[in-house]
Amino acid sequence: MQPSLKPRHRYRQNEDDRVLPLVNVVFLLLIFFMIAGQMVQQEEFNVAPPLSEAEGIDRLRTGTIEISVSGEIAFEGARVSDDDLRRLIAEKAEEKAPPPLRVKADGGAEAVRVIEVMALLRDAGIKRIELVARQEPQ
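Remember, predicted model here, so these are calculated numbers, not experimental data. Here, residues in each chain are numbered from 1, in the same order as that chain's written sequence. Since the coordinates come from a predicted model, pLDDT governs what is reported: local features require at least 70, and pairs of side-chain atoms require 80 or more to be given and counted, while whole-chain, interface and lining totals use all residues. With hydrogens and water set aside, each side-chain value is computed from the structure's full complement of heavy atoms.

Trainee: Lay out the sheet that holds strand β5 (residues 101-105) in plain terms, naming residues and giving numbers.
Mentor: With mixed pairing, five strands are arranged side by side in an open sheet as β4-β3-β2-β5-β6. What marks the edges here is a single partner per strand, and that holds for β4 (78-80) and β6 (129-131). The sheet shows a mean angle of 30° between the axes of neighbouring strands, direction not considered. Where strand β2 (residues 64-67) lies against β5, four bridges are found, and the strand directions are parallel. By the bridge assignment for β5, threonine 64 is matched with arginine 102. Strand pairing is assigned whenever DSSP detects at least two bridges linking the two strands. Helix and strand definitions follow DSSP, with helices as H or I runs of at least four residues and strands as E runs of at least two, each counted in order from the N terminus. To obtain an axis, a line is fitted to C-alpha atoms, over the contacting stretch when the element is a helix, and the angle between two such axes runs from 0 to 180 degrees between their N-to-C directions.

Trainee: Quick rundown of the nonpolar core? Include the residues and the values.
Mentor: Burial of nonpolar side chains together is a common tendency in soluble globular proteins. If you look at the biggest cluster of nonpolar residues, it comprises 17 residues, and the most contacted ones within it are Ile65, Ile67, Phe75, Leu85, Ile89, Leu101 and Leu121. Elements that contribute at least two residues to this core include exactly β2, β3 (73-75), α2 (82-93), β5 and α3 (111-123). The residues touching leucine 121, leaving out its near neighbours within four places in the chain, are Ile65, Ile89, Leu101, Val103, Ile126 and Ile129. Working definition of a nonpolar core: buried Ala, Val, Leu, Ile, Met, Phe, Trp, Tyr and Cys residues. They are joined through side-chain atoms within 4.5 Å. A 1.4 Å probe rolled over the protein chains alone gives each residue an accessible area, and that area as a share of the maximum for its type sets the label: buried under 20%, exposed over 50%, partly exposed in between. When checking whether two residues touch, look at their non-hydrogen atoms; a contact exists if any pair is within 4.5 Å.

Trainee: Any chance you could break down the packing of aromatic side chains for me, citing the residues and the numbers?
Mentor: A pair of aromatic rings is counted whenever rings of Phe, Tyr or Trp (Trp by its six-membered ring) have centres within 6.5 Å, and the orientation is called stacked for planes under 30 degrees apart, edge-to-face for over 60 and tilted otherwise. This model, assessed by the stated rule, comprises one aromatic pair. Considering the side-chain rings of phenylalanine 32 and phenylalanine 33, the 5.1 Å spacing of their centres and the 70° angle between planes classify their relative orientation as edge-to-face. A residue is classified by how much of its surface remains accessible, and phenylalanine 33, at 56% relative accessible area, is exposed.

Trainee: Which residues make up α3, and what values do they have?
Mentor: Owing to its 3.6 residues per turn, the α-helix brings residues three or four apart onto one side. One less than the residue count of a helix, multiplied by 1.5 Å, gives the span that helix is expected to have. The first and last C-alpha atoms of α3 sit 18 Å apart over 13 residues, in line with the 18 Å expected at 1.5 Å per residue. Among the residues of α3, those classed as buried are Arg113, Val114, Val117, Leu120 and Leu121. The arc enclosing the buried residues of α3, seen along the axis, measures out at 120°, which places them on a common side. Opposite its buried face, α3 presents the exposed residues Ala111, Val112, Ile115, Arg122 and Asp123, each directed more than 90 degrees away. Looking at the buried positions of α3, the neighbouring elements they touch are β2, β3, α2, β5 and β6. Immediately beyond the C-terminal end of α3, within one or two residues, lies glycine 125, with a positive phi of roughly 105°. Note that the arc is computed from the directions linking the helix axis to the C-beta atoms.

Trainee: Break down a nonpolar patch on the surface for me, citing the residues and quoting the values.
Mentor: Each patch groups residues whose relative accessible area exceeds 30% and which form no salt bridge, using 9 Å between like charges and 5 Å between nonpolar side chains of Val, Leu, Ile, Met, Phe, Trp and Tyr. Only the protein chains shown count as covering a residue, and every accessible area follows the Shrake-Rupley method with a 1.4 Å probe. By salt bridge we mean one thing: a side-chain nitrogen of Lys or Arg within 4 Å of a carboxyl oxygen of Asp or Glu. A grouping of Val19, Val23, Phe27, Leu30 and Met34 is seen on the molecular surface, where their side chains present a nonpolar patch of about 450 Å² in accessible area. Looking at the secondary structure, you find leucine 30 in helix α1 (residues 15-37).

Trainee: So what about α2? Which residues, and what values?
Mentor: Taking 1.5 Å per residue, twelve residues should reach 16 Å; α2 reaches 16 Å between its end C-alpha atoms and fits that length. Within α2, burial applies to Leu85, Ile89 and Lys92. The buried residues of α2 occupy an angular sector of 55° when projected down its axis, which confines them to one face. Packed against the buried residues of α2 are β2, β3, β4, β5 and α3.

Trainee: How would you summarise the pattern of salt bridges if you had to cite specific residues and measurements?
Mentor: Tallying each qualifying case throughout the model produces seven salt bridges. The salt bridge involving glutamate 130 is made with arginine 128; its shortest N-O contact spans 3.6 Å. Arginine 128 gets classed as exposed once you look at its relative accessible area, which sits at 53%. The network of salt bridges with common partners includes Asp82, Arg113 and Glu116.

The following block contains the structure:
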């Protein structure tokens, strides 16, 4: 008996079978980025810091104080009064090596109010304060 030169069974792959794994990966990436995009902490106020000519590094830290145009204060994303801020800052100042607090004031906020908040921080024992400013787009 002679062997046959014809293939016995040939599997024909459909074009959709090659694309399906790629579609699955794209949908998984889409879901990942949709979920990851929602994990960003929302700011309490719509704060637009003043422009700065200096270049700096914007690091992700806790301890951000926001000052709105109307002079309201938010600490780490929650509105607080001056007394509450003083109490929270005193607790933070007791840490062994507290990170510098970031003050993010709106460019339209009164300078007097920003100075009042900075004096409040100094009186509460904070030694380093970083003022947040944004660079002018080139």
